[in-house]
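# Inside the fold
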Amino acid sequence: MTRSWLGAMTLTALAIPSSLLAQSGPGYRVPPAPIPAILDAAPAPTAQLSPTGDRLLLLHPRAMPTIAELAEPVHRLAGVRFAAASGAPVGGVGYAALSVAGLDGGAPRAVPVPLGGADRMLPIGFAPDGSRFAVGVVRADHVQLWLVDPVAATARQIPDVRLSTPLGMQCHWLADSTALACLTVPADRGAMPAAPRAPAGPNVQETRGTPAPVRTYQDLLTSAHDESVFAWYTTSVISVIPVAGGAPRTVGSAGLHTMVSPAPGGRFLLVESIERPFSRLVPYDDFPKHVRVIDMTGAEVYSLAKLPLADAVPINGVPTGPRRYDWDPTQPARLTWIEALDGGNPKATAAHRDQLMALTVPSRMAPTAWHQTQHRFMGVAWTEDGQALVTEYDRPTRGTRLSLVARDGTARVLSQRSTEDAYAHPGTPYRQPGKDTVLTHAGSIYLLGQGASPEGDRPFADRLDLATGKATRLFRSSGEQFEQVVAVVSRDGSRLLTRHESKTSPPNYVLRTLGAAGGDGSRLALTAFGDPAPQMRGVTKERLTYTRKDGVALSGTLYLPAGYTAGTRLPLLMWAYPQEFTSAAAAGQVSGSPYRFDSIRGASHLLLLTQGYAILDDPSMPIVGAGETANDHYVEQLVASAEAAVDAVVARGVTDRDRIAVGGHSYGAFMTANLLAHTDLFRAGLARSGAYNRTLTPFGFQSESRTFWEVPEVYARMSPFWFADRIKEPILLTHGEADNNQGTFPIQSERFYMALKGHGATVRYVTLPHEAHGYAARESVLHTVAEMLDWLDTHVKHAPARPATSASH
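The sections below set out a description of the structure shown in this document. (Residues numbered from 1 in each chain as written. Predicted model: local features only at pLDDT ≥ 70, side-chain atom pairs only at ≥ 80, totals over all residues. Heavy atoms only, no water.)

### Regarding the overall build of the protein chain
Test applied: Each helix is a run of DSSP H or I of at least 4 residues and each strand a run of E of at least 2, with the numbering of both proceeding from the N terminus. Radius of gyration: over C-alpha atoms. The globule rule applied is 2.2 Å multiplied by the number of residues raised to the 0.38 power. To sort residues, take the accessible area from a 1.4 Å probe on protein chains only and compare it with the maximum for the residue type: under 20% means buried, over 50% means exposed, and anything in between is partly exposed. By definition, residues are in contact when any of their heavy atoms lie within 4.5 Å. For every accessible area listed, the method is Shrake-Rupley and the probe measures 1.4 Å; residues are considered covered only by the protein chains on display. Positive charges come from Lys and Arg alone, negative charges from Asp and Glu alone, with His and the N- and C-terminal ends not counted. Charge positions are represented by NZ for Lys, CZ for Arg, CG for Asp and CD for Glu.
Helix and strand counts for the protein chain stand at ten helices and 48 strands. For the protein chain, whose C-alpha radius of gyration is 27 Å, the value lies close to the compact-globule estimate of 28 Å for 809 residues. If one aligns the C-alpha atoms of the protein chain with their principal axes, the spans along those axes are about 80 × 75 × 60 Å. Expressed as a percentage of the 809 residues in the protein chain, the buried residues total 54%. Partitioning the intrachain contacts of the protein chain with sequence separation of at least 6 by distance along the chain shows that 60% fall at a separation of at least 24. Of the roughly 32,600 Å² of accessible surface on the protein chain, a fraction of 53% belongs to carbon and sulfur atoms. In the protein chain, 73 positive and 73 negative side-chain charges are present, and the distance between their average locations comes to 1 Å.

And the structure:
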């Protein structure tokens, strides 16, 4: 393969149109106005309600980082990425500012936290009593701990504390709100291990007859030096840090700690530490572990488990031994965890898959089993009076069950449904802010849900009587708006914090006081965030419903640009992402809401609306099959869904068959390549960060749990790489050079480009330096949008009419 290295980006091209060749010089490109202004607008803040229920803490996200920031040295080790200088995790959301607001509708007050350059804040959370909010502040070479006073709107740094964050933020409040227990950098850590000038020998891996199917992880350890650097960064000490003054206290000795969790009674700490030997096939989460309870002097009180390397877990299975260990938040020192009863193997026959264990420490008693689940345990939430809400899941049927387990061990099913049946979702138990318990009032809890329905999502809040199992509706979004309950402000459910938006109004927070007997009550606006993208005003959208030829109901959201004249046929981009289902009824359910405000961030395809394109967003692409068989007919169902979508937009009169493109990201890119390989429905394709050869993900991908050796014909039929010779329509391939997603290694796009090039396709291949699976840097985002727009302008909007062809190959 021939490559041309051009400035800040890597670009390889074949048969590039002359309009693009003129713009293929060094450096990043910028799309036309108003796209840069839309992307440069400040992101909308998010809010957290204080445990006292009297004020909001508003977190203001950072704008897009620069490519120079992304180019700073980063370590990619054991499945995680962290900055070489500060040890802070990279990627994800960081915050640039904080503010606090009362629930009286007054203007928010800024909290002064000095930030400079690439500094950012990582939230830790409210103290249980609501008196303080903790944040980590990422500086150039370390991570500080700061405390915010939400009443005074002030903040102060805790001196002499450097948080250890390569494996994420491990900093938790003690239940009495007087201190935090955090993992911190040892004061005597010393210098980082130097890289050897020459290798001491080969890097060797070996297995001896034990099956160990693992998926294709990225950023794994590769050498002894990698191991030593990983250990240097992740070695930490446990510090108990008082908030009212006084020096932090070190508890125990330094180690490769990955978790510290204070017991509710304040006497003990639950600690998880990884141990050698490390693995070069799995992330650190699967390394050997020691899980134990220590007291506040560092003395071991109870050793829960020495867990081996988890590299031989069956597909869709779980490790043996204790897992999901945590404290019962309603008891001073009751430790709970889960153990598999089926050897962790979902194919084993077992009356019960898991059992829930408990032990009160310190104790000479043996642990006790207090509940068994028929299916695989998924989670537990605790009511304030000590009852457990246990969720379990059965993959073969996609069934889920929520049970209430009383203190005496008796259990009662509260809800049971298919996870695919969004219409039947009863809502999620509401947990109190700053605490680990479900808000419980007069024997009832609150359920907050998205409210999926045939008319779209209608978020709701219910009060569930635990004694009777009867739910009472407190609130449901109605009309041409989307209003979601984010917090229950009053314990009796009479006041709710909601996030309100509509097609034309950006999300803002509202205090709702409910009326008697289900009346409307009153509402008070708490924030007044403006429209971040007024340039998009006038864009219209509508729910488009249609039916696949096999009878499956489908839908998508049709966007039309501002100023659209009815009857005008525009070039159209269809942007989609397939999803697997076990039933046609579930596949046909409506998702999303036509009344949401469109907040555009990153390299969004919706930006093309500013350039005269229509968009069919998220058209249903269901792949339906019982059990694990959906992908047996992946291509046929994908093609049928695309044909139905094309027929629908043409019948709607907004486009013609000769000017439709298809695109997607990740699994949507995989879909795009398959549709170009197996149909002639589209003039061009946009494929970002995809995987195209499924033999490179042989132990499963997406929802496919069968291996390549079990169903090689499925892997082959689904892989567009195998059909590269059939792709005749122009395709734009884009990939982050530092992609961190399972399965979408950059080599997938590189080899697919080579296959297309070898067969004379029209293809452009753009790789983005330092970018992961999602593109973050301002330069990368703008360049990606410019590439997408130019590709569609050349090959769709301004392309000459093509000869009539059949709809599929």
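Next comes the rest of the write-up.
### Topic: unusual backbone geometry
Residues Ala33 and Pro34 are joined by a peptide bond in cis, for which omega reads 5°. Tracing the sequence through the fold places Pro34 in the loop between helix H1 (18-21) and helix H2 (35-40). Residues Val361 and Pro362 are joined by a peptide bond in cis, for which omega reads -10°. When you line up the elements, Pro362 lands in the loop between strand E23 (354-360) and strand E24 (368-373).

### Observations concerning the sheet that holds strand E14 (residues 179-184)
For clarity, the threshold we go by: Two strands qualify as a pair provided that DSSP identifies no fewer than 2 bridges between them. Lines fitted to the C-alpha atoms define the axes, with helices restricted to the stretch that makes contact. Angles between their N-to-C directions range from 0 to 180 degrees.
Read from one edge of the open sheet, four strands run E13-E14-E15-E16, paired in antiparallel fashion. Of all the strands in the sheet, just strand E13 (171-173) and strand E16 (249-255) have a single pairing partner and so form its edges. Put simply, the sheet's adjacent strands are angled 15° from each other on average, direction ignored. Direction of pairing for strand E15 (residues 236-242) relative to E16: antiparallel, over a ladder of four bridges. Residue Ile238 lies in a different strand from E16, and its bridge partner there is Val251.

### A few points about the nonpolar core
Stated precisely, the cut-off is as follows: Here, nonpolar core means buried Ala, Val, Leu, Ile, Met, Phe, Trp, Tyr and Cys residues that are tied together by side-chain atoms lying within 4.5 Å of each other.
Counting 62 residues, the largest nonpolar core has Leu572, Leu616, Tyr634, Phe682, Leu733, Phe752 and Leu756 as its most contacted members. No other element matches helix H6 (residues 634-651), which puts eleven residues into this core. Ignoring sequence-local partners within four residues, the contact set of Leu733 consists of Ala687, Tyr692, Ser749, Phe752, Tyr753, Leu756, Val763, Arg764, Tyr765 and Val766. Among the nonpolar cores identified, the runner-up in size contains 32 residues, and Leu573, Ile600, Ala603 and Ile615 belong to it.

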